[in-house]
Amino acid sequence: MEFVKSGFVHVYTGNGKGKTTAAFGMALRAAASGMHVFIGQFIKGMEYGEMKIAQLMSNVVLEQFGRGCFIHKTPSPEDFRLAREGLVRSEDILSGGSYDLVILDEIFIAHFFGLISSSEILNLMNMRSEGTELVLTGRKAPQEIIDRADLVTEMVEIKHYYARGVQARKGIEF
């Protein structure tokens, strides 16, 4: 079977659970089909279960551009520096054309905290190689990105066990 070189842009956003999970599901499917996958995680710098995908599949590269989650804090100069490095790395990856699928996880949270601008994200979308599929994830996707994307899925929280005090579980939430 031949790969279709479509090069669409996907956005997974919203307050519901499943944005990163959906993106990693696509990464797994693509990698199992022989495609080359790059995953860049903005904000994140901790050990998550999904990081092992790169150890299990040689055609997947995963890099983190953060030092941990600061959702309830103010970003530090180090957070800005790491996001800048992630942006430059993402530009190199997208313009290089070596990857069939590029996932930029939590890029919209980096945007929300002012680490990356909408114009920089639009630039990433424009610079990707013709056949590169691009997936952007995170809460609070800016409208201008939604307008330009080919596929937008909003995860809506209807009910969540966190409300009952259930903490994040290894292998399920991280």
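Thresholds, definitions, all that
Residues numbered from 1 in each chain as written. Predicted model: local features only at pLDDT ≥ 70, side-chain atom pairs only at ≥ 80, totals over all residues. Heavy atoms only, no water. Helix = DSSP H or I, 4+ residues; strand = E, 2+ residues; numbered from the N terminus. Contact = heavy atoms within 4.5 Å. Buried < 20%, exposed > 50% of the residue type's maximum accessible area, 1.4 Å probe, protein only. Pairing = 2+ DSSP bridges. Core = buried A, V, L, I, M, F, W, Y, C linked by side-chain atoms within 4.5 Å. Axes fitted to C-alpha atoms, helices over the stretch in contact; angles between N-to-C directions. Parallel < 35°, antiparallel > 145°, perpendicular 65-115°, else oblique. Left-handed = near helix turned anticlockwise from the far one by under 90°.

Caption draft 1: How the structure looks around the side chain of Q41. Positionally, Q41 belongs in strand β2 (residues 37-43). Ignoring anything within four residues of it in the chain, the contact list for Q41 reads F24, E50, M51, L62, E63, Q64, F65, G66 and D105.

Caption draft 2: Spatial organisation of the pairing of β2. Most of β2 is tucked away, with seven of its seven residues classed as buried. Inspection of the sheet shows β2 paired to strand β3 (residues 60-66) by seven bridges, in the parallel sense. Paired with V37 across the two strands is V60, which belongs to β3. Two strands pair when backbone bridges link them, and β2 and strand β4 (residues 101-105) are joined in this way by five bridges, in the parallel orientation. The partner of V37 across the bridge, within β4, is L101.

Caption draft 3: Structural view of the nonpolar core. Counting 29 residues, the largest nonpolar core has L104, I107, I116 and L136 as its most contacted members. When near neighbours in sequence (up to four residues on either side) are disregarded, L104 contacts G40, F42, S90, L94, L124, L134, V135, L136 and T137. In terms of nonpolar packing, the next biggest core, distinct from the first, is built from 17 residues, M26, A27, I53 and V135 among them.

Caption draft 4: Region of interest: the packing of helix α3 (residues 77-96) against helix α5 (residues 118-127). Packing of α3 against α5 leaves a shortest axis separation of 8 Å and a crossing angle of 20°. By the angle between their directions, the pair α3 and α5 is classed as roughly parallel. In this structure, α3 crosses over α5, and the sense of that crossing is left-handed. Along the contact surface, α3 presents R84, L87, S90, E91, L94 and S95, while α5 presents E120, N123, L124 and M127.

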